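Report on the structure
Next come the chains, spelled out residue by residue.
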Amino acid sequence: MTPASAEAPYERTDRTTPTRHAERAAYDRESVHSVLDSEYLCHLGFVREGAPVVLPTLFARVGERLYLHGSTGSRPLRDGGTPEGLPVCVTVTQVNGLVLARSAFHHSLNYRSVVVHGTAVQVRDEAEKAAALDTLVDSVVPGRSADSRPANAKESAATAVLRVDLAEVSAKVREGGPNDDAEDLALPFWSGVVPVSRTYGAPVPADDLTAGTPVPEYLAALR
């Protein structure tokens, strides 16, 4: 499959069509990109020696591509360097609320998620690799790549970057309150949504930080 055009939604496939609550799925670029751009941790799934493996790792989106990084010695990074690449499934999830119903069965979560199916290949071009690593740093703390030493030759040689094209991809969203059964509405149990959001604490300086080094403005912006 080839990446979607800038205007068209992503093509729906059997693998990107949910078997439950298909009405919650979305294939438009705005929905997919908004989830990917709001997070920096994904789960990378692949098959190793006939068994499934799922690893958490950092990622960043650049256009119609995802970039993931890791050690050159790790199995997925090595397999991604083969001519055929590594078949993968990348998932990203953002939890926005705890949905508490009157019955245990109808408890749920409000969330936004994206699932990407594709082939991961190792980035060989040094300029693309350097740009991807800067983007990975900035996906966690915007502005940080310009305020830190870039990787030297030894560090770059020990780091691999995988690229996955956004072609077979979908988003899925659950919003709103609990779906209590009519016969449960009179039960004396609290029902509703507990909002969930990510917060950051005050930056804690390193023990060996030079005295008087100011806290960067971009860290203050995280709060």
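As a starting point, this report considers the structure included with it. (Residues numbered from 1 in each chain as written. Predicted model: local features only at pLDDT ≥ 70, side-chain atom pairs only at ≥ 80, totals over all residues. Heavy atoms only, no water.)

1. Some details on helix H3 (residues 126–140)
- Relative to the 21 Å expected for 15 residues at 1.5 Å per residue, H3 spans 22 Å between its end C-alpha atoms, a close match to the ideal helical length.
- Taken together, the buried positions of H3 are occupied by Glu128, Lys129, Ala132, Leu133 and Leu136. Down the axis, H3 shows its buried residues gathered within 135 degrees of arc, on one side only.
- Contacts from the buried residues of H3 go to strand S3 (51–62), strand S4 (65–71), helix H4 (153–157) and strand S7 (159–165).
- A distance of 3.2 Å separates the backbone nitrogen of alanine 127 from a side-chain oxygen at the start of H3, and that oxygen is part of aspartate 125. (Helix = DSSP H or I, 4+ residues; strand = E, 2+ residues; numbered from the N terminus. Expected span 1.5 Å × (residues − 1). Buried < 20%, exposed > 50% of the residue type's maximum accessible area, 1.4 Å probe, protein only. Arc of directions from axis to C-beta. Contact = heavy atoms within 4.5 Å. Polar contact = N/O pair within 3.5 Å; in protein donor to acceptor, adjacent residues only side chain to side chain.)

2. Comments concerning the pairing of S3
- Examined bridge by bridge, strand S2 (residues 41–48) and S3 share 8 bridges and lie antiparallel to one another. Following the sheet pairing, valine 47 is matched in S3 by proline 52.
- Remark: 2 residues form the turn of the hairpin made by S2 and S3, two consecutive strands paired antiparallel; glutamate 49 in that turn has positive phi of roughly 55 degrees.
- Remark: 2 residues form the turn of the hairpin made by S3 and S4, two consecutive strands paired antiparallel; glycine 63 in that turn has positive phi of roughly 60 degrees. (Pairing = 2+ DSSP bridges.)

3. A word on the environment of glycine 177
- Considering the arrangement of structural elements, one finds glycine 177 in the loop between strand S8 (168–174) and strand S9 (192–195).
- Glycine 177 has contacts with Val99 and Val193, leaving out every residue within four places of it along the chain.

4. Re a nonpolar patch on the surface
- Taken together, the side chains of Val95, Leu98, Leu109, Trp190, Val194 and Val196 present a nonpolar region at the surface, about 480 Å² in accessible area.
- Among the secondary structure elements, valine 194 is positioned in strand S9. (Patch = residues over 30% accessible without salt bridge, like charges linked within 9 Å, V, L, I, M, F, W, Y side chains within 5 Å. Areas by Shrake-Rupley, 256 points an atom, 1.4 Å probe, with all protein chains shown as cover. Salt bridge = Lys/Arg side-chain N within 4 Å of Asp/Glu carboxyl O.)

5. Considering the pairing of S8
- Along S8, 5 of the 7 residues are buried, which leaves the element largely enclosed by surrounding structure.
- Here strand S1 (residues 25–26) runs beside S8; their pairing, made up of 2 bridges, is antiparallel. Considered in S8, the bridge of alanine 26 is made with alanine 171.
- Pairing of strand S6 (residues 108–122) with S8 involves 7 bridges; the strand directions are antiparallel. For histidine 117, the partnering residue across the bridge sits in S8 and is glutamate 168.

6. What about the layout of surface pockets?
- Roughly 340 Å³ of internal volume is contained in the largest pocket.
- Lining the largest pocket are 14 residues, and of these Leu133, Asp134, Arg149, Pro150 and Ala151 sit closest to its centre.
- Mapped by element, the contributors of at least two residues to the lining of the largest pocket are H3 and H4.
- Per-element accounting of the lining of the largest pocket gives the leading share, 6 residues, to H3.
- Among the residues making up the lining of the largest pocket, the classes are represented as 5 nonpolar, 4 polar and 5 charged.
- Taken as a whole, the second largest pocket holds about 250 Å³ of empty space. (1 Å grid on protein atoms, 1.4 Å probe; cavity = no way out; pocket = protein on both sides within 12 Å on 5 of 7 lines; lining within 4 Å. Points joined across faces, edges and corners; volume = space filled by probe spheres on them. Nonpolar A, V, L, I, M, F, W, Y, C, P; charged D, E, K, R; others polar.)

7. Quick word on helix H1 (residues 29–38)
- Among the residues of H1, those classed as buried are Arg29, Val32, His33, Val35 and Leu36. All buried residues of H1 project into a common sector of 160 degrees when viewed along the axis, lining one side.
- Those residues of H1 that are buried lie in contact with S1, S3, S4, strand S5 (86–100), S6 and S8.

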